[in-house]
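Notes for the structure review
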Amino acid sequence: MTAAQFYAWVLGTPLSHFMVGDAWAFTISETLHFIGLCILLGAMLIVDLRLLGLMKSTPVDVALNFLPVAIFGFTINFLTGITFFFSNPEGYATNWMFWLKMSLIILAGLNALYFTLFEQPRVLRTPEGQSFDAQTRVAAALSLLIWVAVIVAGRLLPVTQGEAGTG
């Protein structure tokens, strides 16, 4: 399947017809995307700031209870992101900023996987009030940095849409 055939297939789906044909569909998706982002980032701020050594009065296990909330926010963003893509597949697929954003999201996921497999067990064994090791703090700082970069890349998507050299 060529890229043109893929774009045509996407544009022929009911979701694409809805996103293109309904005057409110994109706006509602944007609103839900923003809400999901707020949920995701708010939860990650609680977790990552605690791991960085701030919010020491918050027990680490309580902070880590916000991880499912972050996953919920990410799920909202994943689903609404699909609706954006289906509204203009070629516009997104040929935009370098879109691919940068997707790469950053994958990097954030790999960082989360690393944290879950290697750091979280160690964090939960750390005595209350003791600082976390450098690896944990680096993973937390990277998490915040990557998610901020995802937000910036997302905000730059419309600016880079149709730029020369994006296709």
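Preceding this section is the structure that the text describes.
What comes next is a walk through the structure. (Residues numbered from 1 in each chain as written. Predicted model: local features only at pLDDT ≥ 70, side-chain atom pairs only at ≥ 80, totals over all residues. Heavy atoms only, no water.)

**Regarding the layout of surface pockets**
- Size it by volume and the largest pocket reaches roughly 800 Å³.
- Along its surface, the largest pocket is lined by 29 residues, and His 33, Phe 84, Lys 101, Gly 154 and Leu 157 are the ones closest to its centre.
- At the level of secondary structure, the elements contributing two or more residues to the lining of the largest pocket comprise helix H3 (25–51), helix H5 (67–87), helix H7 (96–125) and helix H8 (134–160).
- Take the lining of the largest pocket: its biggest share by element is eight residues, from H5.
- Looking at side-chain class alone, the lining of the largest pocket contains 19 nonpolar, seven polar and three charged residues.
- Empty space within the second largest pocket amounts to approximately 360 Å³.
- Forming the walls of the second largest pocket are 20 residues, and the residues nearest its centre are Met 44, Leu 67, Ala 108, Ala 112 and Trp 147.
- Examining the composition of the lining of the second largest pocket, we find that seven residues originate from one element, H7, more than from any other. (1 Å grid on protein atoms, 1.4 Å probe; cavity = no way out; pocket = protein on both sides within 12 Å on 5 of 7 lines; lining within 4 Å. Points joined across faces, edges and corners; volume = space filled by probe spheres on them. Helix = DSSP H or I, 4+ residues; strand = E, 2+ residues; numbered from the N terminus. Nonpolar A, V, L, I, M, F, W, Y, C, P; charged D, E, K, R; others polar.)

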